[in-house]
Amino acid sequence: MNLRDFVKVLRSRWITVCVTTLIVVLGAVALSLLTTPMYQASTRLFVSTTSGPSASDIYQGSRFSQERVISYAELLMGQTVAQRTIDKLGLDMSSQQMQDNVTASAKRDTVLIDVSVLDSSPVRARDIANTLSDEFVAMVRELETPENGAAPDSRVVVEQRASIPSDPVVPETARNIATGLALGIMLGVGLAILRDVLDNTVKRRETLEELTGAAVVGTVPLDKERRKQAAIAYETDNSGIAEAFRKLRTNLQFLAVDNPPRVIVVTSSVPSEGKSTTAINIALALAEAEHSVALVDGDLRRPMLHKYLDLIGSVGFSTVLSGGATLDEALQKTRFAGLTVLTSGAIPPNPSELLGSQSARNLLSELRGRFDYVVVDSTPLLAVTDAAILAAGSDGVLIMARYGQTKREQLSHAVDSLQSVGAPLLGAVFTMMPTRGSASYSYYGYSYKYESEDGKPQPRTDRQTSQRPVAHDGSSTTPKVGDSRADRPQPTGRRRRQL
Ligand SMILES: Nc1ncnc2c1ncn2[C@@H]1O[C@H](COP(=O)(O)OP(=O)(O)OP(=O)(O)O)[C@@H](O)[C@H]1O
Ligand SMILES: [Mg+2]
């Protein structure tokens, strides 16, 4: 993973990093709040020895004191002085508990010993530190006084007594939070990288092309507006998603130029990958270019087109197949110029059988005769065979993969199922591509072209929408001068209009 990949991972998985950091920091705060505050009181002891008047006596005395302080520090943390302190103060604790909270350290090359006592009560911490020091002074006197009652060789004085500490030393809230922050960020970044390594969803154009063996002909951005209104109002809309569909339309018409596909099935591997929404908007994009388009709901199990387009759902594909209505009766004009819809009709008990029937093939070929394009929405390939059946009878299939959701093996199996029925795969389409973060494509760059300097939308011209289309082999095809629908083979010959 190079730096660029690393930044990409961070940008796409910033939520993981932030949430992990937040959790660890909150943990550090909770730990600080739950920790009993401990106060520290300190005393300082001075060790001196009796020495002769000569310089060498003084030097030796000083050396003797320095050697003594090491042992004294050990004794200060020992059981005897702890027990004497407990007895003196009448405390309800074991000597071991007190020993655990006493630290004595001798400063190198000095005759000073620092004694620190930790306790949950600031007053008791001070009392223990002072009493312990006093007890130790007495203990040293006892230990160092020779049996003959002569003056002790060494004595200890409490040079600095303890006072009541004002602030607790434990917990160190600021330090805990800073440590939590650093740990949280490291853990978050680690998790983000791990998730990225374990992520087997389709996110890269190359992966999509590799798995499908077809060119990526479109990338549809995630647009929350589509959840409220599936159909794009192309007359007024120059947003990123509208441009993405125009681009898809352009690419579609460059596919198989010698035998342009006119009955196009839109499918995907699993549910909710944006098939219906994409089918509607491909149909509308083609209608915007003044083609006559029939949009057929080939999903006879969970039909949605009538809901998304506010049409009647009870009469449609299945009704015509069962002889309940003629095609003319079932076709519904829409509020969009050039778009006619055949909804699913009543949900039949045997959708696969119905879609595989000769009547279904006849119906599609009749639609092909009447319209420039027939766009068929269908079911997910891995769920049921309906889509594969429809695909086999179509001119070409567009397979959707939802960015960051469709798993690689799902897509491979879906493509296998298309290949097993010999369905011609036209291309792959990324759906619901995030428009922010690492995944985003600069769709909005296209929109700028239609805006004047004051930001107002400009009338869109056909030439402006023509981008470099993707050829079927995945390579980029540069449109030639004067390249327009008028210059290329037309689906029906009835309409010869520019894109
Ligand atoms: N480009 C998009 N941006 C945002 N939301 C989208 C987009 N495309 C589709 N959606 C939403 O995703 C959900 C599923 O979309 P849709 O019904 O088109 O998928 P589907 O593949 O046809 O599902 P099913 O397999 O159930 O038929 C819907 O709520 C739809 O509004
Ligand atoms: Mg659908």
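These lines cover the structure that appears in this document, whether it is placed above or below.

Scoring rules and cut-offs
- Within each chain, residue numbers correspond to sequence positions counted from 1 in written order.
- Each chain is given a letter, starting from A, and each ligand a number, starting from 1, according to the order in which they appear as written.
- Note on the predicted model: pLDDT of at least 70 is required for a residue's local features to be given, and 80 or more for side-chain atom pairs to be given and counted; whole-chain, interface and lining totals, by contrast, use all residues.
- Excluded from the side-chain calculation are hydrogens and water; included are all heavy atoms of the structure.
- For our purposes a nonpolar core is just a set of buried Ala, Val, Leu, Ile, Met, Phe, Trp, Tyr and Cys residues, chained together by side-chain atoms within 4.5 Å.
- Buried residues are those whose accessible area, probed at 1.4 Å on protein chains only, stays under 20% of the maximum for their type, while exposed residues exceed 50% and partly exposed ones sit between those limits.
- Every residue pair with non-hydrogen atoms within 4.5 Å of one another is taken to be in contact.
- Two strands form a pair only when DSSP identifies at least two bridges running between them.
- Put simply, DSSP H or I for four residues or longer makes a helix, DSSP E for two residues or longer makes a strand, and each gets a number counted from the N terminus.
- Angles run from 0 to 180 degrees between N-to-C directions of axes, and those axes are lines fitted to C-alpha atoms, restricted for helices to the stretch in contact.
- Nitrogen and oxygen atoms within 3.5 Å of one another constitute a polar contact, given that in protein one can donate a hydrogen and the other can accept it, and given that sequence-neighbouring residues count only through two side-chain atoms.
- Two rings from Phe, Tyr or Trp (for Trp, the six-membered ring) form a pair when their centres sit within 6.5 Å of each other. Planes less than 30 degrees apart are called stacked, planes more than 60 degrees apart edge-to-face, and all others tilted.

**Considerations on the nonpolar core**
Consideration 1: In this structure, F317, L342, L367 and I399 are the most contacted members of the largest nonpolar core, which totals 43 residues.
Consideration 2: Among residues more than four places away in sequence, those in contact with I399 are T212, T267, S268, L381, L411, A414, V415, L418, L425, G427, A428 and V429.
Consideration 3: Core analysis: the next-biggest nonpolar cluster, separate from the first, contains 36 residues, I232, I241, V375 and L426 among them.

**Overview of the sheet that holds strand β3 (residues 112-119)**
Consideration 1: The sheet built from four strands is open, its strands ordered β2-β3-β1-β4 with antiparallel pairing. Only two strands of the sheet have a single neighbouring strand rather than two, namely β2 (102-106) and β4 (154-160). In this sheet, adjacent strand axes meet at a mean angle of 25° when their direction is disregarded.
Consideration 2: Both strand β1 (residues 39-49) and β3 contribute to a ladder of eight bridges, which runs antiparallel. If you follow F46 over to β3, its bridge partner there is L112.

**Focus: the side chain of R246**
Consideration 1: Checked against the element boundaries, R246 lands in helix α10 (residues 240-252).
Consideration 2: With relative accessibility at 0%, the residue R246 sits in the buried group.
Consideration 3: Within the local environment of R246, its side chain forms a polar contact with the side chain of N238, the two groups lying 3.2 Å apart.

**Digging into the packing of aromatic side chains**
Consideration 1: What the rule picks out here adds up to two aromatic pairs.
Consideration 2: Relative to F136, the ring of Y72 lies with its centre 5.7 Å away and its plane at 75°, an arrangement referred to as edge-to-face. Placement of Y72 in helix α3 (residues 55-76) and of F136 in helix α6 (residues 122-144) is noted, with a sequence separation of 64 residues between them. You'll find Y72 and F136 in the same group, each marked buried.

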